[in-house]
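# Coordinate analysis (summary)
Residues per chain are reported as follows:
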Amino acid sequence: MQMRPVGSPRTTNMAPANREEVFGPVASVIRVRDYEEALHVANDTPFGLAFICTTSLKHASHFRRHAQAGMVMVNTPTAGVDYHVPFGGTKGSSLGQREQDSYARELFTNVKTSYVRP
C-alpha cells in the first residue's frame, strides 16, 4: 500500500488506505457533503468498526443504529474499550463471535456496543 505524506491532496473512499485495514499511525480524512453521505461512506467498507464526531444528538443516535459495525464510537477515542461489555467488529474486522461475556457463545447474535459523549 502506498501512503501519501501529511498535507497531501484529499483522499476518497476508494483509496487503498481507506479500503484496507491499516494498523499503524495513519489518519485518513474523507470529505463528504452531509451526514447521509458520511453514513454511506462509513458503511461502504469491508470492515465493521465505526467512529463519528458530531454535536448533533439526532445524527449520533441515527449513526449508532445504522452504522454497520460491531462497535460504534461517538465523540470518544477509538482506542480502549470496557472489558465488561462485548467488543469486536463486524465484516472483515471480526473473527466471528464477540469476545467477553456470554456473547462468545452466541455465534448468531449481531451485537452493537456504542459510546456517546455529549
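Note: the structure precedes this text.
All values reported here derive from a predicted model rather than from experimental measurement. (Residues numbered from 1 in each chain as written. Predicted model: local features only at pLDDT ≥ 70, side-chain atom pairs only at ≥ 80, totals over all residues. Heavy atoms only, no water.)

Time to look at the packing of helix H2 (residues 35–43) against helix H3 (residues 57–66). The interhelical angle for the contact between H2 and H3, taken along N-to-C directions, is 25°, at an axis separation of 11 Å. Taken together, the axes of H2 and H3 lie roughly parallel to each other. Handedness of the H2/H3 crossing: right-handed. Across from Tyr35, Leu39, Ala42 and Asn43 in H2, the residues of H3 making contact are His59, His62, Phe63 and His66. The class makeup of the residues in the contact of H2 with H3 is 4 nonpolar, 4 polar and no charged. (Axes fitted to C-alpha atoms, helices over the stretch in contact; angles between N-to-C directions. Helix = DSSP H or I, 4+ residues; strand = E, 2+ residues; numbered from the N terminus. Parallel < 35°, antiparallel > 145°, perpendicular 65-115°, else oblique. Left-handed = near helix turned anticlockwise from the far one by under 90°. Contact = heavy atoms within 4.5 Å. Nonpolar A, V, L, I, M, F, W, Y, C, P; charged D, E, K, R; others polar.)

The next point concerns the environment of Gln68. By the element assignment, Gln68 lies in the loop between H3 and strand S2 (71–74). Classification of Gln68 as partly exposed rests on a relative accessible area of 44%. Gln68 sits 19 residues away from Leu49 along the chain, and the two C-alpha atoms are 7.9 Å apart. (Buried < 20%, exposed > 50% of the residue type's maximum accessible area, 1.4 Å probe, protein only.)

Here we take up the pairing of S2. Burial of the side chains of S2 extends over both faces: Met71 and Met73 are buried on one face and Val72 and Val74 on the other. Once the chain exits strand S1 (residues 49–52) it traverses H3 before rejoining the sheet at S2, and the crossover so formed is right-handed. Strand direction decides the pairing type here: S2 and strand S3 (residues 113–116), joined by 4 bridges, are parallel. Looking across to S3, one finds that Met73 is bridged to Tyr115. (Right-handed = clockwise from strand over helix to strand, strands pointing away. Pairing = 2+ DSSP bridges.)

Residues Tyr35, Leu39, Ala50, Ile52, Ala60, Phe63, Ala67, Ala69, Val72 and Val74 constitute the largest nonpolar core, which totals 10 residues. Taken together, the elements giving at least two residues each to this core come down to H2, S1, H3 and S2. Those residues in contact with Ala60 that lie beyond four places of it in its chain are Thr54 and Val74. (Core = buried A, V, L, I, M, F, W, Y, C linked by side-chain atoms within 4.5 Å.)

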